[in-house]
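Observations on the model geometry
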Amino acid sequence: MTKLKQSNAMWGGRFSAGPDAVMEAINASIGFDKRLARQDIAGSRAHAQMLAACGIISDSDAEAIGEGLLTVLSEIEGGTFQFKVELEDIHMNVEARLTELIGAPAGRLHTARSRNDQVALDFRMWVRDQCDAVEAGLLALIAAFLDQAEAGADMVMPGFTHLQVAQPVTWGHHMMAYVEMFGRDLSRVRDARARMNECPLGAAALAGTSFPIDREMTAEALGFARPAANSLDAVADRDFALEFLGLASICATHLSRFAEELVIWSSAQFRFVTLSDRFSTGSSIMPQKKNPDAAELVRAKVGRINGALIGLLTVMKGLPLTYSKDMQEDKEQVFDAADALMLAMAAMAGMVQDLRPNRDVLEAAAASGFSTATDLADWLVRALGMPFREAHHVTGALVKMAEDKGCDLPELSLEEMQKVHSSINQSVYDILGVYNSTASRASYGGTSPDQVASQIARWRGALA
């Protein structure tokens, strides 16, 4: 058995001996929760100011605490602070250093609070800050897609279902599909931030406090909309972290979908796009290779972000109220997921900004695979009054004829078409080209260049 250490001075009055070294190792969180230092110090300064305003501690003690905490923050940010594993977490490390700096007044800081509401506050503030960072990242990403959409509003490309050519669409329309996706991600971030913006400080260990504190004051000082209304829920709640991971997983899924398209489109078999050298790599053995590694890594990030969500859901699923030490396992996966999402968004924004669509290749691909067959069926309905099911059958027969001849639909002669249906006339050729096809899809939300331009304008107005 490893040797027991001396009791922790912050909580050890109840204990005659310190923890086993293994206990210390499994119990300590300072290795990762030091990322909460800025939030921890901001919360402590607001708490001290409130205690003084309520007459619970003296103004001089509050001033000493506030100044001392700023010194601690400067040491942490300057890289000179000595984090100690035996002090377990960021809260105790900060308080211990504060005691070294200012002496007895530091002991009054923890009046009317607990580490339970303290960590709930710090973590909530950190996740709230990440929501702001994700919002900024999404705005940059949406702007990059809008620029691509505007530059290629009338450029044609194949639209796919089942990764088979379906109908011609415009490049701008395809880019705007991702604007819509990331726009929903933006709304989820904003919704989640508003929902998590209530302050747990003052809930103390779980039951509130008998001291005459002002929770409205600390909530306002820390930028919260309101104090949390139930002290039990305030220290037990990690919905804010789960919701952040949920929106991060959805956003990462959207990133992964476009990353997959970039991998396919940049291949020699497709040649739809050219990725910039800034976001590509080479091969150590094959000199001709230009690998879409940034896209592949973005595609993979969703795995670890989804894993973080499942991990935290599993931690929280069976916990009774209120705080259990299990909840110390809430942070590392959120930190990792946030880092992964921010990196993936930044990489994708860079790739989209640099992306060069190959217009000629896209146009040729848009015209392949009988992509205007649906236009032909629609024309048979409109021009000849044919029921759609009959039009579908006639069009299928014409596609079979073209396939047998090794040509595309516009290359069939009128006489050949009339062998399938005698009423087909010369005006059918007006709708068979890919540009005619995309221009005709002018319903709201359709692929026509006019509709794309309208949607770009709507989004630019909304973002402005």
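So, how was this worked out
Residues numbered from 1 in each chain as written. Predicted model: local features only at pLDDT ≥ 70, side-chain atom pairs only at ≥ 80, totals over all residues. Heavy atoms only, no water. Helix = DSSP H or I, 4+ residues; strand = E, 2+ residues; numbered from the N terminus. Buried < 20%, exposed > 50% of the residue type's maximum accessible area, 1.4 Å probe, protein only. Contact = heavy atoms within 4.5 Å. Salt bridge = Lys/Arg side-chain N within 4 Å of Asp/Glu carboxyl O. Pairing = 2+ DSSP bridges. Phe/Tyr/Trp six-rings, centres within 6.5 Å; stacked < 30°, edge-to-face > 60°. Lys NZ or Arg CZ within 6 Å of the ring centre and 35° of its normal. Axes fitted to C-alpha atoms, helices over the stretch in contact; angles between N-to-C directions. Parallel < 35°, antiparallel > 145°, perpendicular 65-115°, else oblique. Nonpolar A, V, L, I, M, F, W, Y, C, P; charged D, E, K, R; others polar. Core = buried A, V, L, I, M, F, W, Y, C linked by side-chain atoms within 4.5 Å. Left-handed = near helix turned anticlockwise from the far one by under 90°. pLDDT = per-residue confidence, 0-100. Disulfide = S-S within 2.5 Å. Expected span 1.5 Å × (residues − 1). Polar contact = N/O pair within 3.5 Å; in protein donor to acceptor, adjacent residues only side chain to side chain.

1. Remarks on the overall build of the chain
Helix and strand counts for the chain stand at 18 helices and six strands. Overall size of the chain, expressed as C-alpha extent along the three principal axes, is 100 × 55 × 40 Å. Taking all 464 residues of the chain together, 50% fall into the buried category. Within the chain, contacts between residues at least 6 apart in sequence are counted, and of these 73% link residues at least 24 apart.

2. Quick word on the pattern of salt bridges
If you walk through the whole model with that rule in mind, you get 27 salt bridges. Taking the shortest distance from any N to any O, the salt bridge between K290 and D277 comes out at 3.0 Å. You can see K290 sitting in the loop between β5 (273-274) and α11 (293-316) and its partner D277 sitting in the loop between β5 and α11, a full 13 residues away along the chain. The exposure class of D277 is exposed, given its relative accessible area of 62%. For K405, the salt bridge identified is with E416, shortest N-O distance 3.1 Å. Taken together, the residues span a long stretch of sequence, with K405 in helix α15 (residues 388-405) and E416 in helix α16 (residues 414-420) at a distance of eleven residues.

3. Some points on the pairing of strand β1 (residues 156-161)
In terms of strand pairing, β1 meets strand β2 (residues 164-170) through six bridges, oriented antiparallel. Note on β2: the bridge partner recorded for P158 is P168.

4. Regarding the packing of aromatic side chains
By convention here, two paired aromatic rings are described through the distance between centres and the angle between planes. According to the stated counting rule, one finds 14 aromatic pairs in the structure shown. Note on F123 and F240: the rings are 5.5 Å apart at their centroids and 70° apart in plane angle, and the pair reads as edge-to-face. Of this pair, F123 sits in helix α6 (residues 115-151) while F240 sits in helix α10 (residues 239-265), and the two are 117 residues apart along the sequence. The structure contains a cluster of three or more aromatic residues connected by ring pairs, namely F145, F160, W171, Y178, F182, F258, W265, F270 and F272. Lying over the aromatic face of F224, R128 brings its terminal NZ or CZ to 4.3 Å of the ring centre. Just above the ring of F123 sits the side chain of K331; from NZ or CZ to the centre is 5.5 Å.

5. What about the packing of helix α3 (residues 37-53) against helix α4 (residues 59-78)?
Between two packed helices, what matters for the description is the angle formed by their axes and the separation of those axes. Here α3 crosses α4 at 170°, and the two axes come no closer than 9 Å. Here α3 lies roughly antiparallel to α4, going by the angle between them. Residues A37, R38, I41, S44, R45, A48 and A52 of α3 touch α4, and the partners they reach there are D59, A62, I65, G66, L69, L70, V72, L73 and I76. Of the residues that constitute the contact of α3 with α4, the class distribution is eleven nonpolar, two polar and three charged.

6. What about the nonpolar core?
L255, F258, W265 and M348 are the most contacted members of the largest nonpolar core, which has 100 residues in total. Of all the elements, α10 adds the most residues to this core, at 16 residues. Among the nonpolar cores identified, the runner-up in size contains 22 residues, and L380, M417, V428 and I431 belong to it.

7. So, the side chain of H254
Along the chain, H254 turns up in helix α10. Classification of H254 as buried rests on a relative accessible area of 9%. Excluding anything up to four places from it in sequence, H254 contacts Y178, M181, F182, D185 and R188.

8. What to know about the environment of T395
Inspection of the secondary structure assignment puts T395 in helix α15. C-alpha separation for the pair T395 and Q167, spaced 228 residues apart in sequence, amounts to 14 Å. Apart from residues lying up to four places away in sequence, T395 is in contact with A373, L376, A377 and L380.

9. Some words on the packing of α4 against helix α5 (residues 90-102)
Between α4 and α5, the least distance of the axes is 9 Å, while the angle of their chain directions is 120°. Relative to α5, α4 is oriented so that their crossing is right-handed. In this structure, α4 uses A64, I65, G68, L69, T71, V72, E75 and I76 to contact α5, whose residues at the interface are V94, R97, L98, L101 and I102. Looking at the contact of α4 with α5, its residues break down into nine nonpolar, two polar and two charged.

10. Some remarks on the confidence of the model for the chain
Mean pLDDT over the chain stands at 93; residues scoring 70 or higher make up 96%. Confidence drops under a pLDDT of 50 for residues 1-7, and excluding neighbours within four residues, the segment shows 21 contacts in the predicted structure.

11. Observations concerning unusual backbone geometry
In this model, L321 is joined to T322 through a cis peptide bond whose omega is 5°. Within the secondary structure, T322 sits in the loop between α11 and α12 (331-354). Here the phi dihedral of A112 falls at roughly 65°; this positive angle occurs in a residue that is not glycine. For A112, a relative accessible area of 8% translates into the label buried. Its identity as a non-glycine residue notwithstanding, H162 has a phi of 60°, on the positive side. In this structure, H162 sits in the loop between β1 and β2. Taking relative accessible area as the criterion, H162 reaches 76% and is therefore assigned exposed.

12. Observations regarding the state of the cysteines
Tallied over the full model, the rule gives zero disulfides. Free of any disulfide, C54 has its nearest cysteine sulfur in C199, 13 Å distant.

13. A few points about α11
Over its 24 residues, α11 runs 35 Å from end to end, which matches the ideal 34 Å to within 8%, given 1.5 Å per residue. Three or more residues of α11 are buried, namely A294, A295, V298, K301, V302, I305, A308, L309, L312 and M316. Tucked into the core, α11 has its buried residues touching α9 (231-236), α10 and α12.

14. Regarding the side chain of E198
Inspection of the secondary structure puts E198 in strand β3 (residues 198-199). Polar side-chain contacts of E198 include one of 3.2 Å to the side chain of R226. Ignoring any residue separated from it by four or fewer positions in sequence, one finds E198 in contact with R124, F224, R226, P227 and A228.

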